[in-house]
Structures are given as structure tokens and as C-alpha cells.
Amino acid sequence: MARLLITGGAGFIGSHTCVVLLQAGHDLLVLDDFSNSTPLALERVSALAQLDNQSCQARLQVRRGDIRDPAGLDNLFAQSASAGAPIDAVIHFAGLKAVGESMRVPLRYWDVNLTGSRCLLAAMDAHGCRTLVFSSSATLYGYPECVPIPETAPIQPINPYGHSKAAVEQLLHDLAASAPNQWRIACLRYFNPVGAHPSGEIGEDPLGTPNNLFPFVSQVAVGRRKSLQVFGGDWPTNDGTGVRDYIHVMDLAEGHRAALDCLLAEPAQLLTLNLGSGQGASVLEVVHAFERASGRQVPYEHVARRAGDAAITVADPSLALQRLGWRTQRGLDDISRDGWAWQSANPDGYDEPG
Ligand code: NAD
Ligand code: UDP
């Protein structure tokens, strides 16, 4: 079992991955500035992993801090080593992820996503910790030239968020090439992470109006919003609405565990993998699946296409199956059921006691 630093571990994907990693027996140190999350998520993670008070202190440590703070990172690695529990590997979730916001404040995106990653990598290198799982994104494929999209597809981001993820991937390639027998790196390119832990205790809690389809649909179902705007009804798809590859966040969490196991077991390497289901679902298919799961109606209206959208984005996930033995286990109905369990138990997200 390993001792892992989890940056951004209180966030949506991080919190679900923490549950899976704790259940797999790893010890975690979470570093988060809580700029887009709350410590309450980690209290719930600890309960879900059935940690009592004593084991919680040892197995799920939490530090408030910023990945752009070199002195703070240095302390974290040094203190862990001097306490006899050096960090074996890092899972790096901390970052910003909203495409529209990245177009308004690109400096912030380059700062948190690229400078933050550079500071983290420098601290890792200085302390001899060279095993990393990095949260990359399918957004770096831009408008895909062929679907399903293999990892060999051209990298051609169309917004600052995508550019910042592509730049970190490039930095990781440069680093791995500089010391090929030392770095063990997995760049995981997520497609559309959605859903929640089946308990309904943890889930996605976007600030303000959600930009993404799933949280918007579930807020309509729970009555927080009146109706969904469907962006475009004239896409070249079965029902004219956009098609995406939605991946249950628990499948994604299990993908991280599998990637970590692979890095720890195999010789040093840089792995780049799509994490998606390989199945596409249209906006209207998502709406109907959510209506079935919730027993509620989701009113919607068609509006113009959203700038920057692609018609269809679906992963070719075969390399992850080949390299990790991992594939998604859950479909759109599971995603909707678990997403509804979270939304209905926590209508205002973590602001309300669940
Ligand atoms: P999230 O916002 O829920 O989680 C990110 C976490 O990082 C939050 O807890 C936030 O407080 C923390 N954080 C942000 N800046 C920080 C900083 N400077 N220092 C320390 N902590 C900081 O997002 P998520 O959906 O869980 O995404 C996790 C990662 O996956 C991100 O890097 C994101 O870009 C990437 N990703 C997400 C998606 C998606 O659709 N959710 C898709 C592809 C890739
Ligand atoms: N979408 C929509 N209405 C919304 C949000 C999204 O019709 O309020 C559509 C969007 O055009 C795309 C799909 O839902 O076809 C998924 O969008 P999301 O923003 O969730 O993911 P991304 O486009 O970043 O893959």
C-alpha cells in the first residue's frame, strides 16, 4: 500500500477517488485550497470509507494550501518524510476546469493549471517522488477529426483551459524524456465525468449556474431551475442534439486506482490514456434517462448552438482496457440514479446538511 498526496482531493472527482483509494488500503494526504470545494466533502469521504477517528487521522490527512506555494509544498514532502511516512506518489486533481471562464480570465487558468503543476513537479523532483497521475481532459482534442477518438488524435485545443492542459502534458513529456528511467506518469484524458457516489453523500456541487449539462438537468429536476436550454437541435446526430461520452465518476475513480497500480508495478513510463465509456449519449437521451431515474419531468426548450461546441465527442477507450484492464461498468441509467440520489438528498449541494 502506498502513501499518496492528492491535490484537489476535496473536489468532485478527487472526493470520489479518495473513497476508492482508501478502500483499496492506501493512506492519503489531501492538499486543497477549498477554492471550489468544502472540507465537509472529506468528512463524508471518511464516513464512506468507514474510517473511525483514530484511523482517519492516520489515513486521511488534510492540509489547506495552494499548489502554487513552493515553500508549502516543500514542507509537505519534508514533514511527511521526517515523520517516517514519505509520499510515494501524487494524484494531481487541483486545477480550474470551466471553459467559458478560461476565455474570460486566461491568466488565472495558466497560473493555476500550468504554474501550479510546475511547482508541484519541482517539489516532487526535489524530494525524489516521481510517480504521478495527472487529470488531463478530452478537451485537448478540440473539434475531433474522427470519432471514436484515439489517444493518437491531434492535440488541437480551442480554448485557454484546453491549452493549459495540453501545456502540462507537454511539460510531463519533457520531464519524462529528461530522466526516462525515473518518472512514472499517467496522463488521464477524461471525457464527461458525471454522476455521484451511490450513497448520495458526495457529488458534484457547482458554484452558481452550472455550465455543464448533467448538473443543470438535475437542478431542473429538483426544482432549483425552471427549464433546460438545449443548445442546438440541428446537429448531425440521431435526434439533432449534441452527443457526448458520459462517464460515471465512480468508474473514473476506479480508473485512477488502476492507473496507479499500473505505474507502481511496471517500469518507469509515461502513459497517456482516454478514460471514457466509448458510448455516446445525446442531450435528449440524458434528459429522458434523468426523468426515468427521478420520476420528475425535465422541461426543456431548443435554443441556438453554443459557441465552441462539437457535434459528437466519444472516446476510443480500448488502450485503457489493454494497459489497465479497466473499462466502465456503469451506464446512463446508473449515472442518472446516483446523480439523483445526490441531488435529491442535497438539493443545495454541500450548503445543506444531507
Ligand atoms: P473541482 O473543481 O471539483 O476540484 C478541483 C479541486 O482543486 C477543488 O477542490 C479546488 O478547491 C482545488 N483547487 C483549485 N485550485 C487549487 C489550488 N491552486 N491549490 C489547491 N487546490 C486547488 O474539479 P473536478 O471536476 O474534480 O476536476 C478535477 C480535475 O480534473 C481538474 O484538474 C479538472 O481540470 C480535470 N477535469 C475535469 C473534468 C470535469 O468535467 N469535471 C473533465 C476533464 C478534466
Ligand atoms: N448542453 C445543453 N444545455 C446546457 C448545457 C449543455 O444543451 O445547459 C449540451 C452541450 O451543447 C453539449 C452537451 O450538452 O452538447 C454536453 O455539454 P457539457 O457542457 O456538459 O460538456 P462538454 O460540451 O464540455 O463536453
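Residues numbered from 1 in each chain as written. Chains lettered and ligands numbered in written order. Predicted model: local features only at pLDDT ≥ 70, side-chain atom pairs only at ≥ 80, totals over all residues. Heavy atoms only, no water.

Turning our eyes to something else, we now look at the overall build of the protein. Within the protein, the regular secondary structure consists of 12 helices and 14 strands. Its C-alpha radius of gyration of 20 Å places the protein within 12% of the 20 Å reference for a compact globule of 354 residues. Buried positions account for 53% of the 354 residues belonging to the protein. Of the contacts formed within the protein by residues at least 6 apart in sequence, a portion of 80% connects residues at least 24 apart. Accessible surface, the protein: about 15,100 Å² in total, of which carbon and sulfur atoms supply 49%. When the 27 positive and 37 negative side-chain charges of the protein are each reduced to one mean point, those points stand 1 Å apart. (Helix = DSSP H or I, 4+ residues; strand = E, 2+ residues; numbered from the N terminus. Rg over C-alpha atoms; globule rule 2.2 N^0.38 Å. Buried < 20%, exposed > 50% of the residue type's maximum accessible area, 1.4 Å probe, protein only. Contact = heavy atoms within 4.5 Å. Areas by Shrake-Rupley, 256 points an atom, 1.4 Å probe, with all protein chains shown as cover. Lys, Arg positive; Asp, Glu negative; His and termini not counted. Charge placed at Lys NZ, Arg CZ, Asp CG, Glu CD.)

What follows covers the sheet that holds strand 12 (residues 281–282). Hydrogen bonds between backbone atoms are what pair the strands of a sheet, whose relative direction is either parallel or antiparallel. Spatial ordering of the open sheet is given by 12-9-14, a layout of three strands whose pairing is mixed. Each edge of the open sheet is held by one strand with a lone partner, namely strand 12 and strand 14 (312–313). Here strand 9 (residues 243–244) pairs with strand 14 via two bridges, running parallel. Residue Arg244 lies in a different strand from strand 14, and its bridge partner there is Thr313. (Pairing = 2+ DSSP bridges.)

Ordered in space as 3-2-1-4-5-6-11, the seven strands form an open sheet in which the pairing is parallel. Looking along the sheet, the strands with just one partner apiece sit at the ends: strand 3 (60–64) and strand 11 (270–275). The mean angle between the axes of side-by-side strands here comes to 20°, regardless of whether they run parallel or antiparallel. Sheet strands touched by helix 6 (residues 106–126): strand 1 (3–7), strand 4 (89–92) and strand 5 (131–137). Its angle to strand 5, the strand with the most contacts, is close to 170°. Helix 9 (residues 249–265) contacts strand 1, strand 4, strand 5, strand 6 (184–190) and strand 11 of the sheet and is inclined by roughly 160° relative to strand 6. (Axes fitted to C-alpha atoms, helices over the stretch in contact; angles between N-to-C directions.)

A few words now on the side chain of Ser102. Following the sequence through the fold, Ser102 ends up in helix 5 (residues 99–104). Owing to a relative accessible area of 0%, Ser102 belongs among the buried residues under this scheme. Discounting chain neighbours no more than four positions away, the residues touching Ser102 are Tyr109, Asn159, Pro160 and Tyr161.

Glancing now at the site of ligand 1. Lining the immediate surroundings of ligand 1 are 28 residues, of which Asp32, Asn36, Ser37, Phe93 and Lys97 lie closest. Side-chain polar atom of Asp32 to an oxygen atom of ligand 1: 2.6 Å apart, as the coordinates give it. Within the contact set of ligand 1, an oxygen atom lies 2.8 Å away from a backbone nitrogen or oxygen of Phe93. Among the elements that line the shell around ligand 1, the one with the most residues is strand 5, at three residues. Its residues placed into classes, the shell around ligand 1 shows 12 nonpolar, 10 polar and six charged. (Near = heavy atom within 4 Å. Polar contact = N/O pair within 3.5 Å; in protein donor to acceptor, adjacent residues only side chain to side chain. Nonpolar A, V, L, I, M, F, W, Y, C, P; charged D, E, K, R; others polar.)

For the pair helix 1 (residues 12–23) and helix 9, interaxial distance at closest approach is 8 Å and the crossing angle is 60°. By the angle between their axes, helix 1 is oblique relative to helix 9. Remark: the crossing between helix 1 and helix 9 carries right-handed chirality. Here Phe12, Ile13, His16, Thr17, Val20 and Leu21 of helix 1 come into contact with helix 9, specifically with Val249, Met250, Leu252, Ala253, Glu254, His256, Arg257 and Leu260. For the contact of helix 1 with helix 9, a count of residues per class yields nine nonpolar, three polar and two charged. (Parallel < 35°, antiparallel > 145°, perpendicular 65-115°, else oblique. Left-handed = near helix turned anticlockwise from the far one by under 90°.)

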